[in-house]
Amino acid sequence: MEIVFFFKPIVDLLYQYKALDIILCILCFCYLFINVKPFRLCNIDCVVFALVLLFTISYFNNLNGLIIYIKIISAFLLYFLGRLHYIKWPKLVYQLQKGFLIVWLITLYSFITKEGFISWGNFTTFTGYYFFKTDLAAAIAQSIVIVFAMHSLRKIDYAIMFLCIFFILLSNARMYYFITFIILGIIFIYNRKPHIRVKFNPKLFLGITLSITILLILMNSLNHILGDKLLLFDFKDTSDLMSGANTQGRNIIWERVYRYFNQQDFITRLFGVDLVSDTRGGDHNAHSLYLKILFSIGYVGSILYIFFFILAIKHINSVKSNRLYYITACFTIIYLLSGISNAALEYSQLTWLPMFFIGTCVSESQCNFNRSYIRLLKKYSMLHISQVNWFKSLFKY
């Protein structure tokens, strides 16, 4: 399995060669099948099985979405790999570090030679050798988590971190401006106070919301100064945020997809349309994880998907290892926030790592619960034995 995690960042760099992703999916499936072992099912596993069933039904509604179906199901495959082989997560993180190091060096080379720049409308955008600018930004954000959450920050790390921020700004992937700011903040807290945990709770989500709001206001203010060099935001009030310029035309796509969904009968809206009709003959999918979920598996599936992450957060908060906690939390935040403007569900680059580490956290939290339960049993059994011995002593003579 180590080889899969080593090559995953490199395969993401070669996104246009979709066969490579399929090969990694097959390797994961083979590894899971060969090394399968029994484990105790819990509530979140049942939710995963239900989601797999709903996505399978959605696929059979329109058989044109085979590649999308494989990518979606592969994320759940990674979840079960995490459940079964959770002990290996430190070794796999090490393999990811090596893979991302190669990606970094290639990206740096593309920057120096200027081969990584393309024209994107009125802007010159840095994509490295990635197919899309958001793919580069996602890789940089993930590499920040993998590299800097594994050790205390050194002086050279701050220089590398600055280079990462610089690349993301050049990519003009605006959602990743927010994501990077939040991830760096969490990693900074972890490195300053590694024994204190910023838990997944309403306070964290409030902090994320405030960070996004502050950055929005800042980018709107800087737009008049840097608007010709960087893709920022331009709005006079909150209603302008959803304009075509600020969403890069996504507002039209969202409206079209949602309108088509609402035109379906009640049963279809309940369980979803299919995996591909959100394109409606165009080249673009729903451009939103949440709209894609609603469109593909309906109201029932959307509720289950939300429930999955509620249970996932509970398990993430329960792990004892702060390092595992912060890695999983950061990957989950990247996935959920990138999903605002991207159908992240369809891209294994965004789904594999959070799903694997969520599966790892579920198994880790189960083990912690079992250990606590055994300790409790021992405590009360010893107490019971001492009480019996004391009672017997009363009648010894």
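Definitions and limits used
- Counting of residues starts from 1 at the beginning of each chain's written sequence and follows it residue by residue.
- Under the rules for a predicted model, residues below a pLDDT of 70 receive no local features and side-chain atom pairs below 80 are neither given nor counted, while totals for whole chains, interfaces and linings still include all residues.
- Side-chain metrics rest on all non-hydrogen atoms present in the structure, leaving aside hydrogens and water.
- Comment: elements are numbered from the N terminus, with helices defined as DSSP H or I runs of at least four residues and strands as E runs of at least two.
- Under the scheme applied here, a residue whose accessible area is under 20% of the maximum for its type counts as buried, over 50% as exposed, and between as partly exposed, the area being computed with a 1.4 Å probe on protein chains only.
- Contacts were defined at the residue level, with two residues in contact if any of their heavy atoms lie within 4.5 Å.
- The Shrake-Rupley method, run with a 1.4 Å probe sphere, supplies the accessible areas, and residue values consider only the shown protein chains as cover.
- To form a nonpolar core, buried Ala, Val, Leu, Ile, Met, Phe, Trp, Tyr and Cys residues must be joined to one another through side-chain atoms within 4.5 Å.
- In this description, a line fitted to the C-alpha atoms serves as the axis of each element, helices being fitted only across the stretch in contact, and the angle between N-to-C directions of two axes falls anywhere from 0 to 180 degrees.
- Reported orientations rely on four angle classes, namely roughly parallel under 35 degrees, roughly antiparallel over 145, roughly perpendicular from 65 to 115, and oblique for the rest.
- Whether a crossing is left-handed or right-handed is set by the direction in which the near helix is turned from the far one by less than a right angle, anticlockwise for left-handed and clockwise for right-handed.
- In the scheme used here, Gly and all other residues not listed as nonpolar or charged are polar, with Ala, Val, Leu, Ile, Met, Phe, Trp, Tyr, Cys and Pro taken as nonpolar and Asp, Glu, Lys and Arg as charged.
- Under this definition, polar contacts are N or O atom pairs within 3.5 Å; protein pairs additionally need one hydrogen-donor-capable and one acceptor-capable atom, and for neighbouring residues in sequence, both atoms have to be side-chain atoms.
- Expected span of a helix, by definition, is 1.5 Å for each gap between consecutive residues, and there is one gap fewer than residues.
- We count a salt bridge whenever a side-chain nitrogen from Lys or Arg sits within 4 Å of a carboxyl oxygen from Asp or Glu.

Peer 1: How would you explain the overall build of the protein chain if you had to name every residue and give the values?
Peer 2: Counting secondary structure elements, the protein chain contains 15 helices and 2 strands. Taken over 397 residues, the protein chain has a buried fraction of 53%. Considering only contacts in the protein chain between residues 6 or more positions apart, those separated by 24 or more positions represent 76%. Accessible surface computed for the protein chain: about 20,100 Å², of which carbon and sulfur atoms make up 69%.

Peer 1: So what's going on with the nonpolar core? Which residues, and what values?
Peer 2: Core analysis: the largest hydrophobic core is formed by 114 residues, its most contacted members being Tyr176 and Phe308. Per-element tally for this core: the top contributor is helix H14 (residues 322–338), with 12 residues. Every residue in contact with tyrosine 176, bar those within four places of it in the chain, is listed here: Thr134, Ala137, Ala138, Ala141, Ile168, Ile334, Ser338 and Leu350.

Peer 1: How would you explain the packing of helix H1 (residues 2–13) against helix H2 (residues 18–34) if you had to name every residue and give the values?
Peer 2: H2 packs onto H1 with a crossing angle of 160° between their chain directions and a minimal axis gap of 10 Å. With respect to each other, H1 and H2 are oriented roughly antiparallel. Viewed along their axes, H1 and H2 form a crossing whose handedness is left-handed. Across from Val4, Lys8 and Val11 in H1, the residues of H2 making contact are Leu20, Asp21, Leu24, Leu27 and Cys28. Across the contact of H1 with H2, the residue classes tally to 6 nonpolar, no polar and 2 charged.

Peer 1: Explain the environment of lysine 292 to me, and be specific about the residues and the numbers.
Peer 2: Position of lysine 292 among the secondary structure elements: in helix H13 (residues 289–318). Put simply, lysine 292 and alanine 343 are 51 residues apart on the chain and 6.2 Å apart in space, counted from C-alpha to C-alpha. Not counting residues within four places of it along the chain, the set of residues in contact with lysine 292 comprises Leu275, Val276, Asp278, Ala286, Ala343, Leu345 and Glu346. Among the polar contacts made by the side chain of lysine 292, one reaches the side chain of glutamate 346 at a distance of 2.7 Å.

Peer 1: Residues and numbers for helix H3 (residues 43–61), please.
Peer 2: For H3, with 19 residues, the first-to-last C-alpha span of 28 Å sits near the 27 Å given by 1.5 Å per residue. Turning to H3, its buried residues number three or more, namely Ile44, Asp45, Val47, Val48, Leu51, Leu54, Phe55, Thr56, Ser58 and Tyr59.

Peer 1: Go over the packing of H13 against H14, please, and point to the residues and values.
Peer 2: Packing of H13 against H14 leaves a shortest axis separation of 13 Å and a crossing angle of 165°. Here H13 lies roughly antiparallel to H14, going by the angle between them. For H13 against H14, the interelement crossing comes out left-handed. Here Leu289, Tyr290, Tyr305, Phe309, Ile316 and Asn317 of H13 lie close against H14, whose contacting residues are Tyr325, Thr328, Thr332, Tyr335 and Leu336. Class assignment for the residues of the contact of H13 with H14 results in 8 nonpolar, 3 polar and no charged.

Peer 1: Talk me through H14; I want residue IDs and the actual numbers.
Peer 2: For H14, which comprises 17 residues, the first-to-last C-alpha distance of 24 Å matches the rise-based estimate of 24 Å (1.5 Å per residue) to within 8%. Burial runs high along H14: 16 of the 17 residues are buried.

Peer 1: Talk me through unusual backbone geometry; I want residue IDs and the actual numbers.
Peer 2: If you check the backbone angles, asparagine 172 has positive phi at about 60° while not being a glycine. Tracing the backbone through its elements, the reader meets asparagine 172 in the loop between helix H7 (155–171) and helix H8 (174–192).

Peer 1: Describe in detail the pattern of salt bridges, supporting the description with residues and values.
Peer 2: Applying the stated criterion across every chain yields a total of 6 salt bridges. A salt bridge links lysine 8 to aspartate 12, with the shortest nitrogen-to-oxygen separation between them at 3.0 Å. Of this pair, lysine 8 and aspartate 12 both sit in helix H1, separated by 4 residues, roughly a single helical turn. Taken as a pair, lysine 8 and aspartate 12 share a single burial class, namely buried. For lysine 8, the salt bridge is made with aspartate 21, and the minimal N-O distance between the two is 3.1 Å. One end of the pair, lysine 8, is in helix H1; the other, aspartate 21, is in helix H2, with 13 residues separating them in the sequence. Here lysine 8 and aspartate 21 have matching classes, each one buried. What you see here is one network of salt bridges that share partners, running through Lys8, Asp12 and Asp21.

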